[in-house]
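# Structural description and commentary
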Amino acid sequence: MNTKITIDGTVYDIPCRIIRTAEVKASEISGLLINGVYFNDVVGVYMEYDVDITTPLYMQGKYAQLYEKLTEPVDAHTFILPYNQSTITLTARVESVEDEFEELPGGTKYWKNPGFTIIANHPSKSETLSEVITRGRCPIPEITGPREGDTYTYTNGAWVKVEDEGE
């Protein structure tokens with residue numbers, strides 16, 4: 001059975017086996033506390049997909065197009081992959097692409113056992129601000145370029161810098 005995988009807007013309808021892994025990543029401050037409790041500061045859940053493709057001889061052209069797309073030297077691709085009973089859209093990096101060259105006795109040459117691995121560049125799941133506060137954690141604003149001493153407050157759905165009186 002073929003599975004539809006979309007990469008950067010191009011649909012590849014290919015026979016494949018897909019293994020997904022959801023990695024729950026903790027921050028650097030996670031670890032065992034003095035009181036014996038493990039503090040787990042979860043940054044988010046990052047999705048990883050391993051795709052093994054079945055390429056019959058008649059699909060070599062389609063596979064060659066896919067191979068060229070996956071081996072483009074770019075920071076990420078946009079993937080649409082199966083997820084539960086629907087799909088998930090991920091901006092992900094290609095970690096590896098592998099296959100095996102085969103030459104048959106009659107002189108036919110082809111690539112077999114192709115596969116690739118991608119890992120999302122961003123968390124697919126993370127806590128909302130309300131969830132962070134409800135769990136008693138300190139919410140941290142996603143601010144680029146803060147300076148020492150800057151203060152922020154969460155107002156009307158966004159982090160806003162509190163201006164000093166002297167500024």
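### A short note on the overall build of the protein chain
The number of helices and strands found in the protein chain is two helices and ten strands. Counting from the amino terminus, the protein chain carries its helices and strands in the arrangement β-β-β-β-β-α-β-β-β-α-β-β. In terms of C-alpha radius of gyration, the protein chain reaches 23 Å, well past the compact-globule figure of 15 Å for 167 residues. With respect to the three principal axes, the spread of C-alpha positions in the protein chain is 80 × 45 × 30 Å. Sorting the 167 residues of the protein chain into buried and exposed places 25% on the buried side. In the protein chain, the share of contacts with a sequence separation of at least 24, taken over all contacts with a separation of at least 6, comes to 52%.

### Let's talk about the sheet that holds strand S6 (residues 77-83)
What the six strands build is a closed barrel, ordered S1-S2-S5-S8-S7-S6; its pairing is antiparallel. Taking the axes of each pair of neighbouring strands and ignoring which way they run, one obtains an average angle of 40° across the sheet. When strand S2 (residues 10-26) meets strand S5 (residues 42-53), the two strands line up antiparallel, connected through eleven bridges. Residue pairing in the sheet places Arg 20 in a bridge with Tyr 49 of S5.

### Here's the deal with the side chain of Thr 117
Tracing the backbone shows Thr 117 in strand S8 (residues 109-120). Classification of Thr 117 as buried rests on a relative accessible area of 15%. Residues within four places of Thr 117 in sequence aside, it is in contact with Glu 48, Tyr 49, Asp 50, Arg 93, Val 94, Glu 95 and Ser 96.

### Brief notes about the environment of Ile 80
Inspection of the secondary structure assignment puts Ile 80 in strand S6. For Ile 80, a relative accessible area of 29% translates into the label partly exposed. Along the backbone, Ile 80 and Phe 101 are 21 residues apart, and their C-alpha atoms lie at a distance of 28 Å.

### Points about the pairing of strand S1 (residues 2-7)
Both S1 and S2 contribute to a ladder of six bridges, which runs antiparallel. What sits directly across from Ile 7, in S2, is Thr 10. Between S1 and S2, which follow one another and run antiparallel, lie two residues, and Asp 8 among them has a positive phi close to 50°.

### What about the packing of aromatic side chains?
The tally for this structure, following the rule as stated, stands at two aromatic pairs. Taking NZ or CZ as reference, Arg 20 lies 4.9 Å from the ring centre of Tyr 83, over its face. Across the ring face of Tyr 46, the terminal group of Lys 25 is positioned such that the distance to the ring centre comes to 4.9 Å.

### Focus: unusual backbone geometry
You will see that Asp 8, though not glycine, has its phi angle at about 50°, which is positive. By the secondary structure assignment, Asp 8 is in the loop between S1 and S2. Residue classification places Asp 8 among the partly exposed positions, given a relative accessible area of 34%. In this structure, Asn 84 takes a positive phi of about 50° despite not being glycine. Tracing the backbone through its elements, the reader meets Asn 84 in the loop between S6 and strand S7 (86-103). Classification of Asn 84 by relative accessible area gives exposed; the value is 52%.

The rules behind these values
- Residues numbered from 1 in each chain as written.
- Predicted model: local features only at pLDDT ≥ 70, side-chain atom pairs only at ≥ 80, totals over all residues.
- Heavy atoms only, no water.
- Helix = DSSP H or I, 4+ residues; strand = E, 2+ residues; numbered from the N terminus.
- Rg over C-alpha atoms; globule rule 2.2 N^0.38 Å.
- Buried < 20%, exposed > 50% of the residue type's maximum accessible area, 1.4 Å probe, protein only.
- Contact = heavy atoms within 4.5 Å.
- Pairing = 2+ DSSP bridges.
- Axes fitted to C-alpha atoms, helices over the stretch in contact; angles between N-to-C directions.
- Phe/Tyr/Trp six-rings, centres within 6.5 Å; stacked < 30°, edge-to-face > 60°.
- Lys NZ or Arg CZ within 6 Å of the ring centre and 35° of its normal.

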